[in-house]
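What follows is each chain in one-letter form.
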Amino acid sequence: MKLLRFMAVALSGWFLAGAAQAADPVNVYSIWPENYARPMFQEFEKATGIKVNFIRFSSGEALARVIAEKNNPRIDVLFGGPVETFAAGIKEGIFQPYKSPSFAKLPARFKQADGQWTAIADDPLVFMTNAAFLKGKNLKAPASWDDLLDPAYKNQLQMADARTSGTAVTRIFSVLEVNKRDEEKAFAYLKKLRQSVQLYTKSGGGGTLPVGLGQAGGGIFFIVDALETKAKGYDVVISFPKEGIGTSAEAIALIKGAKNPEGGKKLIDFATSAAMQSKLSEHKVNFVPANPDVKTDPALAEVLKGANIFPIDDEYAGANRKRIVDRWVKEVLGPQ
Amino acid sequence: MAARGLAAETRRMLRDPALLGAVVVLWLLLGLFVLYPLAELLVRAFSDEGRFTLEPLLGSLADSHHRAAFVNSLILGGTVGVLGTVLGFLFAMTATRAGLGRHWLTLLDAAALLPLVSPPFTTSIAIVFSFGPKGFISHDLLGLDNVSAYGFWSTALAETLTYFPIAYLTLRPIIAAIDPNLEEMAFSLGGSRWRIFRTVTLPLAVPGFANAFLLLFAASLADFATPLILAGNNFPVLPTQAYLQITGMFDFKGGAVLSLMLLVPAAAVYLLQRYWVGRRVYVTVTGKVGQRSRSRAIAPWAAVLLVVATVLVAVAILYFYALLLYASLVVAFGANNSFTWQHYHVIFTEGLPAIRDTLIIALIGMPLGGFYGVLVGYLIARRRFPGRQAMEIVSMINYALPGTIVGIAYLIAFNDPPLALTGGALIIVACYIFRYSPTGIRATVALLQQIDRSLEEASASLGAGSGQTFRRVTLPLIAPAFFAGLGVVFIRSMTAISATIFLVSLSWTLITVRILENMTELALGPAAAFSVFVIVVVFVVVSGLSALLMRLRTPMAGAAARSLLGG
Amino acid sequence: MAATSIRLDGVSKRFDHTVKGEVYAVRRVSLSVATGELLTLLGPSGCGKSTTLRMIAGFEEPDEGTISIDGRDVTHVLPNRRGIGFVFQNYALFPHLSIFENVAYGLRVQGRPETEIARAVGEVLELVGLAGYERQQPHQLSGGEQQRVALARAVVFHPKVLLFDEPLSNLDAKLRVEMREQIRSLQKRIGITTVYVTHDQEEAMAISDRIAVMDRGEVVQDGTAQDLYYRPATEFVARFIGRTNILGARVLSADEVEIEGLKVPFRSGLTAGQTARLVVRPEMIELAPASTGGEVVQHTFLGEKTDYLVKLGSSTLQATASDHSRRPILQIGQPVAVRFHAEGIHILK
């Protein structure tokens, strides 16, 4: 009888709460896809013995969750994901500033001044097109933003939806930078680009498979997703626009009110240092490391050679994100 | 006058401890898991800093994108309702009138029921691969170029194929119950076959049409998964918009408002169904469905046509699932078609937590949902107590609402202490129970309508109190409804996504959410493997329950087995 | 004087009718049933007899008045605590239980030991003539057999009161007669206080100690079968029980009245010149061939008797002749002399 009661209590406790056990693992929402995040967390566990419990959300979902859970945080760390997602979160007051040992050596664009977030990787955007499609239309891989406006690309492109994906926001701000922050010119371009777009996908990499399969002719993606597609065996071509294209840092942050801040800090230390970033290449995760002590994977460096890549100004992006995205939704996404 | 009746009912209830206890407990549960979250959602949508405001609502209505989503949802629902009803009717006619052999009938049934027991996205994935610009069918077979797989028509097609089985299950017993003697008699009186169909068969089937249409309309209205994949950006619909508003724009208010906009048509459908179509719903549970031999009222050529049409549709459905199976067994669908078990390996290793969690939750929710459904159904149908009508309506709310609303409401309501349930399994189990038990409730009510009240009075006259009567007499007789309730909760627990996508957490994740994640990460193999796994498990459990039902000696068992899948 | 076993005092039950508004199903009914007595509630459908019975059982609660069983006020007591046995019109046998289990139900609920249950069930099944049926399922039995099981079930646990709600309506005529005999003999043998509801006046008369006739929610007359037959209180009762003639009469003198022009010796107790309505049973009218008088309009030969319809003045009389050895059947159109037997006349008040 006593055993029964004990079991009932234990079971209900476990059942009711979102349970972190006594081993004090770190709870994480990862914006990085599972097959990128999981190896990194396994490396962390190998290095420190601390287990990581994580669940993957796209950047919009993750941020929404963290904000919803503000009064009662379920996680310790928000891992990966474009910087501008973190910038939006700062306003909501969900992060706990923390500077890891690597913080000092990082260039200014890879960190938030107060330590609210720290970059762990860099991720340039690329154009990715289907080789068979190009051949069929007798086209060369697109080398300019205006190339994508070519009628041959009508209804052929897939790219991310700015409401849910950081990829899209980076893309839109790239267009803004290329147009010297002239919003009218930038939005004129984006509206024209709309003609070429078959689908705005929920997640940043959502269009890569259709492009790989030839159901879409091409799209704009982060390099890490594009190379993953190529690695899977799909015949795709990666190219860069001569006017330049943006790159977005991937960041990590400690959650305010985290139940296991010590573990979280250890994870941040790990992720911002060579300890994790040197493993990226090994596990074929094609991010460019943020920590200057780590060399870029040679194959990756080869792909990036000669490309015109510029960083997105985080302050500018953070301050205008909501407005720009709202405008994009109204003017570009809206019913045509 | 009503007050006097109310006082009498209250006194009677107070004197009956079993009844009183049950009513109190149920109201507590309903209050906590149905009314409270909905209230929180309304507060969130209509208040700003504590003041009541209509601004978010007006803002949403002013937004052309959101207005478009509202209109689109209605159009889509209407289209799916009509197409699905027609398709279901065709299948029902074929099943009951064309004189098919037993094996063909089984094939037909299997094809028709497959979509109902499947996880979301199965039809969507298949359509994308079949009808896209480089689609298997559109490009490779038909040589068409640049066909878009996205938009209104593909969404409508996918939803029609997914939900028409509901129409089939609704219409089949009605058509089967149409006495073939009527048709034979009309025939012998010299009417042409077409005339008979027009003047005898069709009018008798009309109530079934209305009901099927409404059920399909509601299902489409609430469908979040299919439009997520297929609707594209030119055809926004409400449930997907609400979801994106919250998860993309982190705009709870906006999401709440959009969800509430869904409430309007959903409530309208529910009311229409209840008060206008009304009792017809219960025919599906009690109608005796036997296999009719070929009726002479159908011309041989018409029968052949029917069979051909339905077999074509059945084949199309099976094709979609074959595609799914194929995708689960090749390395990279479309790029690397070499055979591999790897994806199944992945789902049973990395995906094992999701499998374990989903099964645990389903297996816990199943009996709880079953009992809850039976208890509520019994109280509503048989006992008189104050607030009975209110309880009936409240118990149906979470079922009538689209899943997105319920999920969002639960997320909002249960995140903060003292009721911080998010992150646990209880919230998911509760969501399933209160959302999917109503099928069991309705089955119980329908069954009880067939069981004479005098049986319970007899038990009382023999000295048994409420609890004893319920246990010894009622429960054994409504066992079929109980099993139907069990089945529905299990199926839904394995395949639902729209509500629970908001409720997964670090500790508890669900297969359907994993499928979605895999799809967005383009890990098509594991997504397909998970889907196949779910289909197999659900099929096995449902077949087991059906077999069990058939064994029960009570008269209503067979029909309840059918209602199992119609919920 | 036997102690009163059931007592109803001023019991009323209202319900809301969608069209008529508030309607009385039962209106201020007062009845008493002595211990061991069989009282029948008799009346046309809708008269409130079933509702009254169900209130005694506890399935419905009265809006006014009190009900007591053996001196205990049970007006608001739940049915399972009243100690009643109820036999339903549709038998209400539990379809999922065997005959044995059906009958044993009440004893099981009481928690009686297995051996006692087995003995009691065996005895009562023997009593209703169904020994050996224990293992059968209800659907395997005929209507009459099912009703006997229902009866057995209702008495096996020794209730204080036995209630019957039109138990024989679903049976065919011959079976009805057989069954009512059985019910009556069983009731007498156990000596249990019984209230019986039926719309069949012949059934009521055959088995009851007393009959309460109900019409539109009220008890119109309460008495023995003979009371009701020979001294009906109202025209309604007169017409409901047996066949009857209701005739207008003019009082000629203290011991003579005029009916349809005929002078009939009868002590009416009224004064000359007053009018009265009289009840005359068909068997109290004698017909004889004559040259003038009434005219035979119809005859129905039924074996042991012949029914006649006779036109007399402005009335059509029902008359019954039961002795054919002396009188031949009268022909249609035959003029007949009509004679009223004074002891068979009853004045309606």
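Here the structure is a predicted model, which is why all the values come from computation and not from measurement.

This brings us to the overall build of chain B. Of the regular secondary structure elements, chain B holds 27 helices and 4 strands. Classification of the 567 residues of chain B by burial places 56% in the buried group. At a minimum sequence separation of 6, the contacts of chain B that also span at least 24 residues come to 80%.

Here the focus is the overall build of chain C. The helix and strand tally for chain C stands at 8 helices and 19 strands. When the backbone C-alpha atoms are referred to their principal axes, chain C occupies close to 80 × 45 × 45 Å. When contacts within chain C are restricted to residue pairs at least 6 apart in sequence, those whose partners lie at least 24 apart make up 64%.

Okay, the domain arrangement of chain C next. All names here are of chain C. Domains assigned within chain C are domain 1 (4–240) and domain 2 (245–348). Inter-centroid distance (C-alpha atoms) of domain 1 to domain 2 is 39 Å. Taken together, the contacts link 6 residues of domain 1 with 5 residues of domain 2. Among the residues making up the side of domain 1 that touches domain 2, the classes are represented as 3 nonpolar, 1 polar and 2 charged.

Right, let's talk about the packing of helix α17 (residues 352–382) of chain B against helix α24 (residues 479–495) of chain B for a bit. Residue and element names in this part refer to chain B. The N-to-C vectors of α17 and α24 enclose an angle of 145°; their axes lie 8 Å apart at closest approach. Crossing handedness for the pair α17 and α24: right-handed. Where α17 abuts α24, its residues Thr-358, Ile-361, Ala-362, Gly-365, Met-366, Pro-367, Gly-369, Gly-370, Gly-373, Val-374 and Gly-377 lie against Ala-481, Phe-482, Gly-485, Leu-486, Val-489, Phe-490, Ser-493 and Met-494. Class assignment for the residues of the contact of α17 with α24 results in 11 nonpolar, 8 polar and no charged.

The next subject is the arrangement of the chains. Contacts are most numerous between chains A and B, taken over all 2 pairs of chains that touch. In this structure chain A stays clear of chain C, and the shortest span between their C-alpha atoms is 27 Å.

Cut-off values and rules
Residues numbered from 1 in each chain as written. Chains lettered and ligands numbered in written order. Predicted model: local features only at pLDDT ≥ 70, side-chain atom pairs only at ≥ 80, totals over all residues. Helix = DSSP H or I, 4+ residues; strand = E, 2+ residues; numbered from the N terminus. Buried ≥ 20, exposed ≤ 12 C-beta atoms within 10 Å, placed from the backbone. Contact = placed C-beta atoms within 7 Å. Domains from an automatic or database assignment. Nonpolar A, V, L, I, M, F, W, Y, C, P; charged D, E, K, R; others polar. Axes fitted to C-alpha atoms, helices over the stretch in contact; angles between N-to-C directions. Left-handed = near helix turned anticlockwise from the far one by under 90°.

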